[in-house]
Amino acid sequence: MEVKIAPSWKQALTSQFEADYFKSLSNFVKTEYATHTCYPPMQNIFEAFNKTALDDVKVVVLGQDPYHGPGQAHGLCFSVPGGVVVPPSLVNIFKELHTDVTKDIAPSGNLESWASQGVLLLNATLTVRAQEAGSHQKQGWELFTDAVIDLISRKREGVVFLLWGETAKKKGAKVDATTHFVLSSGHPSPLSANRGYWFGNKHFSKANAYLKSVGKSEIKW
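Everything numeric here is computed off the predicted structure, so don't read it as measured data.

Thresholds, definitions, all that
Residues numbered from 1 in each chain as written. Predicted model: local features only at pLDDT ≥ 70, side-chain atom pairs only at ≥ 80, totals over all residues. Heavy atoms only, no water. Helix = DSSP H or I, 4+ residues; strand = E, 2+ residues; numbered from the N terminus. Rg over C-alpha atoms; globule rule 2.2 N^0.38 Å. Buried < 20%, exposed > 50% of the residue type's maximum accessible area, 1.4 Å probe, protein only. Contact = heavy atoms within 4.5 Å. Lys, Arg positive; Asp, Glu negative; His and termini not counted. Charge placed at Lys NZ, Arg CZ, Asp CG, Glu CD. Salt bridge = Lys/Arg side-chain N within 4 Å of Asp/Glu carboxyl O. Polar contact = N/O pair within 3.5 Å; in protein donor to acceptor, adjacent residues only side chain to side chain.

Comments concerning the overall build of the chain
Summing up its helical and strand segments, the chain has 10 helices and 6 strands in all. Computed over the C-alpha atoms, the radius of gyration of the chain is 17 Å, within 12% of the 17 Å expected from 2.2 N^0.38 for a compact globule of 221 residues. Split into buried and exposed, the 221 residues of the chain put 52% on the buried side. For the chain, the share of sequence-separated contacts (at least 6 apart) that also reach a separation of at least 24 residues comes to 66%. In the chain, 23 positive and 20 negative side-chain charges are present, and the distance between their average locations comes to 2 Å.

Rendered as structure tokens:
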């Protein structure tokens with residue numbers, strides 16, 4: 001697996017790329033892509049890092065693994081390319097956004113505009129086999145993305161972490177809440193949202209209020 005990742009991240013994560021677990025992970029990913037249909041396209045595996053430089057990170061959104069349907073995953077958690085039907089979880093994200101900051105519900109599920117403003121849209125696992133949710137878990141990706149979260153927690157200050165669902169909460173548990181702003185809620189999936197664990201969390205306005213309080217520009221959600 002060729003690591004096509006922005007220089008700022010590549011330098012900061014050199015020790016991870018050189019670690020034995022990552023070499024094993026790389027071999028696994030290469031084999032999977034050679035023998036099965038996998039997502040996102042290989043050139044987009046590290047797209048979250050290429051859209052949001054390390055020094056620009058203001059908000060981190062944690063997802064689980066990429067969408068596993070054709071044409072959906074493009075390397076940014078919860079996001080889909082323009083023209084693709086908006087998945088249910090993202091529909092609920094847009095509904096909460098509309099209620100929270102009175103923003104019109106977007107016709108496109110492409111969240112690149114968030115990424116360009118400093119929102120790191122990070123999945124815990126960066127690849128998946130087609131139609132097999134979770135199929136690339138426990139192969140090393142979780143170690144890599146844990147290292148990314150730890151790096152941001154240690155090297156940056158005043159970052160908002162949005163932890164949606166139990167997996168994200170567990171993954172973000174070690175974030176230093178004394179130097180960062182951590183917001184947790186249920187997952188935006190219909191199962192969780194319809195039980196009252198998502199709607200009304202006001203994470204978008206809370207994130208912007210915090211960013212403003214620490215002298216950073218707000219996100220134009």
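A look at the side chain of Glu 47
Considering the arrangement of structural elements, one finds Glu 47 in helix α4 (residues 47-51). According to the relative accessible area criterion, Glu 47 is buried, its value standing at 13%. Dropping the residues within four chain positions of it, Glu 47 is found in contact with His 74, Gly 75 and Leu 76.

Quick notes on the pattern of salt bridges
Taken as a whole and judged by the stated rule, the model has 7 salt bridges. For Lys 171, the salt bridge is made with Asp 146, and the minimal N-O distance between the two is 2.6 Å. Taken as a pair, Lys 171 in helix α8 (residues 166-171) and Asp 146 in helix α7 (residues 141-155) lie far apart in primary sequence, 25 residues in all. A residue is classified by how much of its surface remains accessible, and Lys 171, at 13% relative accessible area, is buried. The salt bridge involving Glu 166 is made with Lys 169; its shortest N-O contact spans 3.2 Å. With Glu 166 and Lys 169 both in helix α8 and 3 residues apart, this pair spans about one turn of that helix. With relative accessibility at 51%, the residue Glu 166 sits in the exposed group. Each member of the salt-bridge network shares a partner with another, and the members are Glu 32, Arg 129 and Glu 132.

A word on the environment of Asn 123
Relative to the helices and strands, Asn 123 resides in strand β3 (residues 119-123). Among the residues examined, Asn 123 registers a relative accessible area of 9% and is labelled buried. Expressed as a C-alpha distance, the spacing of Asn 123 and Val 182, which sit 59 residues apart in the sequence, is 17 Å. Setting aside its immediate chain neighbours within four residues, Asn 123 contacts Gly 63, Gln 64, Asp 65, Pro 66, Cys 77 and Thr 145. For Asn 123, the side chain forms a polar contact with the main-chain nitrogen of Gln 64, separated by 3.3 Å.

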